[in-house]
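# Close look at the chain arrangement
If you want the building blocks of each chain, they are given just below.
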Amino acid sequence: MASLKIPSNVPLPEEDAEQLHKAFSGWGTNEKLIISILAHRNSAQRSLIRSVYAATYNEDLLKALDKELSSDFERTVMLWTLDPPERDAYLAKESTKMFTKNNWVLVEIACTRSALDLFKVKQAYQAKYKKSLEEDVAQHTSGDLRKLLLPLVSTFRYEGDEVNMMLARSESKILHEKVSEKAYSDDDFIRILTTRSKAQLGATLNHYNNEYGNAINKNLNEKSDDEYLKLLRAAITCLTYPEKHFEKVLRLAINKMGTDEWGLTRVVTTRTEVDMERIKEEYQRRNSIPLDRAIAKDTSGDYEDMLVALLGHGDV
């Protein structure tokens, strides 16, 4: 997993904790100081800062941030400061609630995290919410959506590179038959998608493309607005080319009438330490504008400064 480039002169967590405490003191909050510290620390460093802050000031840093900040800037700083499994557990919980329901986020978490990372998310979910992620997904979905989402969040995929080409050929044929029959929620279709390793699934879908002349997502009724089909296509993209999925989320978040700050914040905070360079390349290729410039045009103030810093263009 990639991480932010941290120069060798980064202060100790004790110094960072002290500076953050100063940023909350006196008249008004020093947002620039908060950005200059947190936006330039990797996950392990942020975790240390939180521990030191709690030990020194007898207060959870997240609670201090919550009291001092507001709006989209607060959400960005809070999400970024959380450990990745905590963050994903929070995002997943929000996605199963009635008024913040978002099956797309569940697909992202299930399909773009490694098997071990997804396991850690489910551990964090149980620790915080005293129930399993599977339990909430089962409770808050039904029909074909439940049939797809529940095994996606339940799986522990093999992570190796080994590929069985005979299996890829036979399963690409099964997928083609099911697509031809419009049997999109067929048990075998879902089994292949939700249990095979990403390498095996990639080989199967490459064979599908070569054998039948089209990428499977093009055959999955591409223009349909049916939510199940849209989620099915998103799951396939997340499993095979996650940067394409996240580029699309960003493009829709930035380029429509009114910014989708929730989608924008989610992608930047969850992918900065993972595959943001690939996402930025894909965004530039697709939209002919650098992602940081597109975000700067569509946001403002501390929120803009934090997002751009997370993209790697802020000065430490």
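Residues numbered from 1 in each chain as written. Predicted model: local features only at pLDDT ≥ 70, side-chain atom pairs only at ≥ 80, totals over all residues. Heavy atoms only, no water.

## Remarks on the overall build of the protein
We count it as follows: By definition, any uninterrupted DSSP run of H or I lasting at least four residues is a helix, any uninterrupted run of E lasting at least two residues is a strand, and each is numbered from the N terminus. Using C-alpha atoms as the atom set, the radius of gyration is obtained and then compared with a globule rule of 2.2 Å times the number of residues to the power 0.38. Think of it in three bands: with a 1.4 Å probe and only protein chains considered, a residue is buried below 20% of the maximum accessible area for its type, exposed above 50%, and partly exposed in between. The criterion used for residue contact is that any of the two residues' heavy atoms lie within 4.5 Å. Under the convention used here, a 1.4 Å probe and the Shrake-Rupley method define accessible areas, while residue burial counts only the protein chains that appear.
A tally of regular secondary structure across the protein gives 20 helices and 0 strands. Relative to the 2.2 N^0.38 estimate, which gives 20 Å for 316 residues, the radius of gyration of the protein is 21 Å and therefore close to what a compact globule would have. With respect to the three principal axes, the spread of C-alpha positions in the protein is 65 × 45 × 40 Å. The buried share of the protein, reckoned over its 316 residues, is 50%. Sequence-distant contacts, at least 24 apart, represent 70% of the contacts inside the protein between residues at least 6 apart. Of the accessible surface of the protein, which amounts to about 15,500 Å², a share of 49% is contributed by carbon and sulfur atoms.

## Brief notes about the layout of surface pockets
The test is simple: We place a 1 Å grid over just the protein atoms. Points where a 1.4 Å probe fits but has no way out form a cavity, open points with protein on both sides within 12 Å along at least 5 of 7 lines form a pocket, and any residue with an atom within 4 Å of a point lines it. Grid points are joined across faces, edges and corners, and a volume is the space filled by probe spheres set on the points. Under this grouping Gly is polar, as are all residues other than the nonpolar Ala, Val, Leu, Ile, Met, Phe, Trp, Tyr, Cys and Pro and the charged Asp, Glu, Lys and Arg.
Reported here for the largest pocket is a volume of approximately 1,200 Å³. What lines the largest pocket is a set of 37 residues, and nearest its centre among them are Asn 217, Arg 233, Thr 237, Lys 244 and Lys 248. Per-element accounting of the lining of the largest pocket gives the leading share, 8 residues, to helix H16 (residues 242–255). Here the lining of the largest pocket is composed, by residue class, of 12 nonpolar, 9 polar and 16 charged.

## Considerations on the environment of Arg 169
Positionally, Arg 169 belongs in helix H11 (residues 165–180). Arg 169 sits in the partly exposed class, given a relative accessible area of 40%. Counting along the chain gives 89 residues from Arg 169 to Trp 80, while the straight-line C-alpha distance between them is 42 Å.

## Examining the packing of H16 against helix H18 (residues 276–287)
The geometry of a pair of packed helices is captured by two quantities: the angle between their axes and the separation between those axes. Inclusion rule: To define axes, lines are fitted to C-alpha atoms, for helices over the stretch in contact only, and angles between the resulting N-to-C directions are given on a 0 to 180 degree scale. For classification purposes, an angle smaller than 35 degrees is called roughly parallel, one larger than 145 roughly antiparallel, one from 65 to 115 roughly perpendicular, and anything else oblique. With the far helix as reference, a near helix turned anticlockwise by less than a right angle produces a left-handed crossing, and one turned clockwise produces a right-handed crossing.
Relative to each other, H16 and H18 sit at 60 degrees, their axes nearing to 9 Å. Put simply, H16 runs oblique to H18. For H16 against H18, the interelement crossing comes out right-handed. Where H16 abuts H18, its residues Glu 243, Lys 244, Phe 246, Glu 247, Leu 250, Arg 251, Ile 254 and Asn 255 lie against Arg 278, Ile 279, Glu 282, Tyr 283, Arg 286 and Asn 287.

## Structural notes on empty space enclosed by the protein
This structure, assessed with the given rule, holds 1 cavity of 30 Å³ or more. Its boundaries defined by the atoms lining it, the largest cavity holds a volume of some 40 Å³. Considering the residues around the largest cavity, the lining is formed by Ala 110, Arg 113, Ser 114, Ala 115, Leu 118, Thr 155, Arg 157, Glu 159 and Lys 198. Tallied by class, residues from the lining of the largest cavity come to 3 nonpolar, 2 polar and 4 charged.

## Comments concerning the packing of aromatic side chains
Using the following cut-off: Only rings of Phe, Tyr and Trp enter the pairing, Trp through its six-membered ring, and a pair is recorded when the two centres are within 6.5 Å. The plane angle decides the type: under 30 degrees is stacked, over 60 is edge-to-face, the rest tilted. Two conditions define a charge sitting above a ring: the NZ of Lys or the CZ of Arg must be within 6 Å of the ring centre, and it must be within 35 degrees of the ring normal.
Considering all chains together, one arrives at 5 aromatic pairs under this definition. Both rings, one in Tyr 53 and one in Tyr 57, keep their centres 4.9 Å apart while their planes meet at 50 degrees; by these two values the pair is tilted. Of the two residues, Tyr 53 and Tyr 57 both sit in helix H3 (residues 43–57), 4 residues apart, roughly one turn of that helix. Judged by relative accessible area, which is 1%, Tyr 53 ranks as buried. Taken together, the ring pairs connect Phe 24, Tyr 53 and Tyr 57 into an aromatic cluster. Over the aromatic face of Trp 80 sits the side chain of Arg 46, whose NZ or CZ is 3.7 Å from the ring centroid.

## Looking at the UniProt feature "binding site: Ca(2+) 1" (unreviewed entry) in the protein
Condition: UniProt positions are given in the numbering used here, feature names are shortened, and annotations may be inferred rather than shown by experiment.
The sites that carry the UniProt feature "binding site: Ca(2+) 1" (unreviewed entry) are, in the present numbering, Phe 24, Gly 26, Gly 28, Glu 68, Ile 254, Lys 256, Gly 258, Ala 296, Thr 299 and Glu 304. If you take the residues mentioned a moment ago, the ones lining the largest pocket come down to Lys 256. Considering the arrangement of structural elements, one finds Ile 254 in helix H16. The residues touching Ile 254, leaving out its near neighbours within four places in the chain, are Leu 264, Tyr 283, Leu 291, Ala 294, Ile 295 and Asp 298.

## Some remarks on the pattern of salt bridges
Two side chains of opposite charge can pair, provided their charged atoms sit close to one another. For clarity, the threshold we go by: Every case where a carboxyl oxygen of Asp or Glu lies within 4 Å of a side-chain nitrogen of Lys or Arg is listed as a salt bridge.
Counted under the stated rule, the structure contains 22 salt bridges. In this structure, Glu 86 engages Arg 50 in a salt bridge whose closest nitrogen and oxygen atoms are separated by 2.8 Å. Residue Glu 86 is located in helix H6 (residues 84–96), and its partner Arg 50 is located in helix H3; the two are separated by 36 residues in the primary sequence. Linked by salt bridges that have partners in common, Glu 171, Asp 188, Arg 191 and Arg 196 make up one network.

## Quick word on the domain arrangement of the protein
For the record, the criterion: An automatic or database domain assignment provides the domain bounds reported here. When two parts are put together, the accessible area they lose, computed with a 1.4 Å probe and summed over both, is reported as buried area. The term polar contact refers here to a pair of N or O atoms within 3.5 Å; inside protein, the definition further demands a hydrogen-donor-capable atom paired with an acceptor-capable atom, and it admits residues adjacent in sequence only when both atoms are side-chain atoms.
Segmentation of the protein into domains returns domain 1 (13–69), domain 2 (84–154), domain 3 (165–240) and domain 4 (242–311). Between domain 2 and domain 3, the C-alpha centre-to-centre distance is 22 Å. Taken residue by residue, the interface counts 13 residues in domain 2 and 16 residues in domain 3. For the pair domain 2 and domain 3, the summed buried area comes to about 1,400 Å², and 75% of that belongs to carbon and sulfur atoms. Note that Lys 147 is salt-bridged to Asp 187, the shortest N-O span being 2.9 Å. Here domain 2 is connected to domain 3 by 6 residue pairs in polar contact (both at pLDDT 80 or more). Listing elements by their share of the side of domain 2 that touches domain 3, those giving two or more residues are helix H7 (103–112) and helix H10 (143–154).

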